[in-house]
Every structure is written in C-alpha cells, then in structure tokens.
Amino acid sequence: MAAAMSFLPNLRNLFFPPASSQAKDRGSKRGASWFWMAVGVLYFVLPLVATFDFSLRARKGVLSFLAYERVFKDPAFWKTFIFSLEMAFFTILVSLLLVVPTAYWIRLRLPKLRVIVEFISMLPFVIPAIVLVFGFIRVFSGAPFFLTNTSFGTNVLLVAGYTVLALPYMFRAVDTGLAAIDVRSLTEAAQSLGAGWGTILFKIIFPNLRVAILSGAFLTLATVIGEFTIASFLVGINAFGPYMSLIGQNKTYESSSLAIISFMLTWAFMGLLQFLNRGQASSSLAGAH
Amino acid sequence: MAFLTLTDISKYFGGVAAVERFNLDVEKGEFVSFLGPSGCGKTTTLRMIAGFELPSSGTILLDSEDVTYKAPNQRNVGMVFQSYALFPNLTVGQNIGFGLQVRKENEAVIKARVDEMLGLIHLEQHQNKYPYQLSGGQQQRVALARALAIQPRVLLLDEPLSALDAKIRVELRLEIRRIQQALGITTVYVTHDQEEALSLSDRVVVMSQGRMEQVGTPFEIYNYPRTQFVAQFVGQLNLLPITGLDLAAETCLLAGQTVQFEHHQSRQLSEAPRLAIRPEEFRLGALEGCNVLSGRVETVMFLGAVVRLRVEVGGLLFSADLFNERNITPPRVGEQIEISFPVHACWLT
Ligand SMILES: Nc1ncnc2c1ncn2[C@@H]1O[C@H](COP(=O)(O)OP(=O)(O)O)[C@@H](O)[C@H]1O
Ligand SMILES: [Mg+2]
C-alpha cells in the first residue's frame, strides 16, 4: 500500500510533467498520448488475439483452422444463421416502413413531437428484453391471437420484438439523415410538381436517406443476429443467438471461432458502412459550395 | 377578368395576423412582385397561392377556377425556392423531368421538354450532373427549368436570388425576366430587395406588417409613393422637420431657409409634417427655379456612379446623391456649398 502511494507521484510526473522547456514539454505530451493509445489498442486487441489464438488450437500441438471447419460443417450453424438473417431482413423492412414515414412526418409537420417520439424510441434501452418477450407471450399466445401456435405466428412475434429493439438505432439514424436534407422544401417542391405522398416518400425521401437507412439497417442486423433473450423464448435454438450460446457452453474451441467469425462479420458491415458514408460525405461537402 | 385573383385574403397564425385583407388581380402574362421587409407576409401570401398554406378567409381564383382549398399538387403551379430545393438524388435532367414523370407523360415527350428547358437556361452540357456538382446560380436555373417544365399556370418565386452573390444575382435577374417574357408566363415574385422588384416587375405590391401598402408600376411606386412607408422603403428618402408651414402658399421653412413644395390636397398630413426629398434630386450649385439651400459638407462617399454627400443645414443632416462626372471634382468635407432641388421633387408627409 505504502509502495503504491509513493509510486503515484512518479506516475503523475511522468504524464503531467512539471513545467520545463517547451519543446521537452511537447515531446513528453506526445509520448503520453502514444502511451494511452497503446493501452487502448492493447485493451481491445489483446482479448481478440487471445481468442483467435485459442480458436486455432483445436488440434493438439499445432495451429489449425479445425474449429472453424467444424463450425462451418455444422448444419445447425447455417440453419440458424440463415434463419436469423431472414428475421433481420424482415425486421429491417418493417422498421423502415414504420420509422421513415413517422420520422419524416414529424420533421415536416409535428416538430414539437420529436422529443417525445425520440424518448419512446429509446425505451428499449431502458426496458429489458425479457420484459418485452414475456409481455408478448402473455398477450399474443392466447385468444384471440394464438400467434405462438404456428411457427409463422411465432416468427411474426419475433420480428415484432426485434422491430422494437431496432427502434433506437433506426429512429436515430433516419432522423439524423432527415436533418441533413431540407425536408420541407423538397416536399413542397415535389408537391408543386404534382407529386403525391407515395411519390414523395419513395422517389425523394427514401433515396436521399440511403446512407442513414443503411447504417440503421446494419445496426439492426448486428443486433438481430446476436440477439439471445427474445429468440430463446420464442424460437429457442432455431435462432443464431441461442445457437452461439449453446456452442459457447459445450464446445470450447468452436465457441472461440464463432466469436471471431461474428466479430469479422460486424467489422465487415462497419467497413462497408464507412465506405458508403465516405461517398456521401464528399458529395454533400461539394454540394455546400 | 384577371387570370389570378386574390380576394380579401387573410391568414392568422394562432390569432396573430400574418396577412390581412390582401386583394390583388394579376393579368395573364403579368410579372408582379411582392416587396416588403422580412416578416411582412410575402412568403405566406405566396404559399397560399401555391396551396402550402390555407387562408383563414378569402378566396383565390386561378384561371376562373376557385383554388382556395385545392391541394398543392393539383394546382399546376410552378414554385422556385430560395434554397433551390433540387432533388439531390436526381440528375439535372431528371429534376427537370420530374413533374412530367409524375404526370406519367411518355418518355419521348419528357425528353423533348427537358431538352427544350435545358436550352432555355443554357445548361445543355450539364444534363447528367447532380445538383451538388453545379454552382448556386446554375442550381437555381435548374430549379426554374424544373418549375417551368410542367407548363404551370402561374410561376411563383420566393426570394430566388437571395442565396447568390451580387454579380450572379444581377445576371440571373435578367435571365428570369427574359425567360418569363419569352414564355409569357404569369409570375409572382417575392423579394425584400427593392432593386429586384423595380427592375423585374410590371407591377409591384409593397407590403408592410401583413398589409398591402401600395400596388403600382415601378415608376408609380418610386415616384408617387402613397404612404410614408412606401416612400421610405422604396429608394432612399430624406425626411426633414419643418417650421413656418404655409399650405396656401405651399411654402415652409427648413432650418430657417424658405422652401417651396407641391401639395396635393388628397394627401393626409401627419401632426408634425416633414418634408420628403429623395437624395438623387439634389444638384450642386444654385439653380434657377429650384429650392436652394446652403450648407456644409459633413461626409463624402464616393460610390462610383454617384457621390453621396451628407450635408448639414442649420443643424439638419440630409443625404444628397450627385452623379459622378469626370470633369467635376466633388466637394470636400467641411466645404460650404449651395445645393438645389426642384419644387416638384419634394412633398410633405
Ligand atoms: N407557420 C407559421 N407559424 C406561425 N407564424 C408564422 C408561420 N409562417 C409565418 N409566420 C409569421 O407570419 C409572418 C409573415 O411571415 P412571412 O410570410 O414568412 O414573411 P416574409 O416572407 O415577408 O418575410 C411573420 O411574422 C412570421 O413569423
Ligand atoms: Mg419570406
């Protein structure tokens, strides 16, 4: 304890050196920022590297992709992954059709309601998914819905639940996208040219929200693919989230390789998003002239 | 029968009047401007013609049809916005063709019209560019072409040049007038810039605080302003306090010096009438048959075509704009000068 105490002032001197010559000052500041950068990188990268390293050790004594091979050869991997992809697709579709017209109308006609709707869209962050899924089952499994009696009905419930979970991402993304275009003038210009609401939404608003919609969609996709709570209560092991969790409990090496695979997927999505964003950023920058 | 008629149009926002008892007849092919300071209700009036706002009372007739409550996309009215409002996801050609696309015209018709419009605005080479690849002036031309492509019954423009720099503004102003006359399209133009309104319009509606102050040709508005607001808002105006008013003789004293003016019986005088003179009515020196004042030059501003003086006469300050002439050296600051203005050029308000 005493040792730690006496160590502290030295640490302070190292990162916040007492005033000295300016050049030296700047040099050590740069050194400090590099140090913290390195700490950050290690914090994120080390577990990843360790997991990756571990995932390669399924075969005793040598490094191999055996664990990956096993994962990819498991029919349940593909079945659950594709199922979750499908659910993600419908979730994105439903939430876009729900969120885009809503956010658009709020920007256009009801700006005062924006704060309230934004708050509502944030509720999934506050209310645990378990509460949501219990509520769903209570209300929709009995009369007059009986939704959980068929697999189609259950999938509908699943998509509905995911749509709620996706709300914060979708609303945020779409609303930010709408803020970047002059919604009112574009709408009025289209109206004066004879366009009705459908034309305005699908020919003008949706296309101009391309990047916003993509980012909302990717975030939704990432959420849905890995989602555990709602899926395990409604469809159990048929979905990718519960599948991953099961593997994690039973198969050591495969679970590490699964972690790496899903990490890669997420990164690929993010990279794609950055790429698409870049095009948009430069074009809107040019538009400012 | 006028082509566009606004009858007793009023618009209230939460009990506050934005436009009150607006009455106007616009003839077919006429170019009418709404001129007034910011917040006087120009945009609101224009938006009621376009259908984006519904009047609280009154009616709007367009081509003998009551359109007061008709949806904006049913009116066939072209609109040009200050912010251009081009569709960022469509090319120049697609923007111009949008209205016809919506009307489900066939491709050949659309293509022909788009080409015609591109020719009209001289942007033929830019058909496949996106709005962000164009300058502000070019974007506004495209917006104009887009509004005209649907062959609207009326063209409405809301401060279309305000976002552009001075030089482009003057160029595009001429362009708008040229195109308007070439097509003979009925046009309503909103601006707070008197020079724009005066140079473009067949008639100008001067507005203040939701009310019409005066409607007339630019010549009438400038030379025969009917209210003090119009006189002050359109052009520059010196308003000078007077004493010793003799209405019968049409004379008064301006800082102790006698001034002759023309008085119209119809004109209502305020309690403390003031003498109104436009700065450009002054000439240097004592001219015969004119009012002559002697005073001291306070400031001299050289503006190119004109030299703007501030002259002090017995404690009163007024501005006088003299034409710049190469062979005449302008007066210097502090110099005592005599300065004249015609009797018909000043009036009491
Ligand atoms: N949607 C609206 N809600 C409330 N007040 C408005 C609205 N639109 C305009 N106003 C008010 O009406 C008046 C006239 O506005 P506007 O027509 O935009 O003036 P202008 O175009 O001449 O600058 C202003 O006082 C403005 O604040
Ligand atoms: Mg306005």
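On a predicted model such as this, the values are computed, not experimentally measured, just so you know.

The rules behind each value
Residues numbered from 1 in each chain as written. Chains lettered and ligands numbered in written order. Predicted model: local features only at pLDDT ≥ 70, side-chain atom pairs only at ≥ 80, totals over all residues. Heavy atoms only, no water. Contact = heavy atoms within 4.5 Å. Buried area = accessible area lost by both parts, 1.4 Å probe. Salt bridge = Lys/Arg side-chain N within 4 Å of Asp/Glu carboxyl O. Polar contact = N/O pair within 3.5 Å; in protein donor to acceptor, adjacent residues only side chain to side chain. Helix = DSSP H or I, 4+ residues; strand = E, 2+ residues; numbered from the N terminus. Pairing = 2+ DSSP bridges. Buried < 20%, exposed > 50% of the residue type's maximum accessible area, 1.4 Å probe, protein only. Expected span 1.5 Å × (residues − 1). Bend = angle between axes of the 7 residues up to and from the residue. Domains from an automatic or database assignment. Nonpolar A, V, L, I, M, F, W, Y, C, P; charged D, E, K, R; others polar.

(A) Representation of the interface of chain B and chain A. Taken together, the contact between chain B and chain A spans 23 residues of the former and 21 residues of the latter. Between chain B and chain A lies a buried interface of about 1,900 Å² when both sides are counted; carbon and sulfur atoms form 62% of it. Between chain B and chain A we count one salt bridge in total. Applying the counting rule to chain B against chain A returns seven residue pairs in polar contact (both at pLDDT 80 or more). Residue assignment for the side of chain B that touches chain A shows that the elements contributing at least two residues are strand 6 (77-80), helix 2 (92-102) and helix 4 (136-149) of chain B.

(B) Representation of the pairing of strand 15 (residues 274-277) of chain B within the structure. All names here are of chain B. Taken together, the four bridges between strand 11 (residues 238-241) and strand 15 define a ladder with antiparallel strand orientation. Note on strand 15: the bridge partner recorded for Pro-241 is Arg-274. Note that strand 15 and strand 21 (residues 346-348) share three bridges and pair antiparallel. What sits directly across from Leu-275, in strand 21, is Leu-348.

(C) Structural context of the side chain of Ser-121 of chain A. All names here are of chain A. You can see Ser-121 is positioned in helix 5 (residues 114-126). Residue class for Ser-121 comes out buried when judged on its relative accessible area of 2%. Of note is the side chain of Ser-121, whose polar atom sits 2.7 Å from the backbone oxygen of Glu-118. In this structure Ser-121 touches Leu-167, Pro-168 and Phe-171, once residues within four positions along its chain are discounted.

(D) Inspection of helix 7 (residues 151-179) of chain A at higher detail. Spanning 29 residues, helix 7 of chain A covers 40 Å between terminal C-alpha atoms, matching the ideal 42 Å at 1.5 Å per step. In the structure, helix 7 of chain A departs most strongly from a straight axis at Ala-166 of chain A, where the bend amounts to approximately 50° and where the proline Pro-168 of chain A lies between one and four residues downstream.

(E) Spatial organisation of the sheet that holds strand 1 (residues 4-13) of chain B. All names here are of chain B. On the basis of which strands lie adjacent, the open sheet formed by four strands has the order 2-1-4-5 and antiparallel pairing. At either end of the open sheet lies a strand with only one pairing partner, and these are strand 2 (16-26) and strand 5 (65-66). As defined by bridge partners, strand 4 (residues 57-62) adjoins strand 5 across two bridges and the pair is classed as antiparallel. Residue pairing in the sheet places Leu-62 in a bridge with Glu-65 of strand 5.

(F) The arrangement of the domain arrangement of chain A in detail. Residues and elements named next belong to chain A. Looking at chain A, the domain boundaries give domain 1 (17-55) and domain 2 (69-279). Listed as interface residues are five residues of domain 1 and, on the opposing side, seven residues of domain 2. Joining domain 1 to domain 2, the criterion identifies zero residue pairs in polar contact (both at pLDDT 80 or more). Considering only residue class, the side of domain 1 that touches domain 2 consists of three nonpolar, two polar and no charged.

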